[in-house]
Amino acid sequence: MTVRFRVRDLVGRRPGRRPADDVAGRVCSELALDLPDEDLGEYLYDCIDLYEMGSKPRCEEAEFLGMVQEAIDRIEWGE
């Protein structure tokens with residue numbers, strides 16, 4: 001299973017949006033609280049790129065990858 005994503009315009013600003021660094025920091029902090037036993041590293045896309053499939057039970061694996069992908073999407077959209 002390969003998960004692909006693209007991080008677009010992390011530094012761009014839209015009216016009413018927070019700076020990308022604030023959003024990324026907040027999202028990463030929330031993810032770290034949800035996954036306290038994981039070593040997420042500095043870049044979330046590395047978590048997906050370097051993840052070894054089958055290293056966790058299937059349910060945990062799907063949940064982990066889904067949470068990381070959701071965090072990446074939130075950062076991308078500045079939420």
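All of the points below concern the structure found in this document. (Residues numbered from 1 in each chain as written. Predicted model: local features only at pLDDT ≥ 70, side-chain atom pairs only at ≥ 80, totals over all residues. Heavy atoms only, no water.)

Observations concerning the overall build of the protein chain
Spelled out, the test is: For helices the rule is a DSSP run of H or I covering at least 4 residues; for strands it is a run of E covering at least 2, with both sets numbered from the N terminus onward. Exposure is judged per residue with a 1.4 Å probe applied to protein chains only, and the accessible area is read against the type maximum: over 50% gives exposed, under 20% gives buried, and values in between give partly exposed. Should any heavy atoms of two residues lie within 4.5 Å, those residues are counted as being in contact.
Across its full length, the protein chain holds three helices and zero strands. Listing every helix and strand of the protein chain by position from the N terminus yields α-α-α. Taken over 79 residues, the protein chain has a buried fraction of 28%. For the protein chain, the proportion of contacts with a sequence separation of at least 24, taken over those separated by at least 6, is 66%.

Observations regarding the environment of Lys56
As for its placement among the helices and strands, Lys56 is situated in the loop between α2 (44–49) and α3 (58–77). The class of Lys56 is buried, set by a relative accessible area of 17%. Aside from chain neighbours lying at most four places away, what touches Lys56 is Glu38, Tyr51, Glu61 and Phe64.

Side note on the side chain of Glu61
Stated formally: The charge count treats Lys and Arg as positive and Asp and Glu as negative. His and the chain ends do not count. Here, a salt bridge means any Lys or Arg side-chain nitrogen found within 4 Å of an Asp or Glu carboxyl oxygen.
When you line up the elements, Glu61 lands in helix α3. The side chain of Glu61 sits in the buried core without any salt bridge; Arg58 is the nearest counter-charge, 6.2 Å away. Those residues within four positions of Glu61 in sequence are excluded, and the remaining contacts are Tyr51, Glu52, Met53, Gly54, Ser55 and Lys56.

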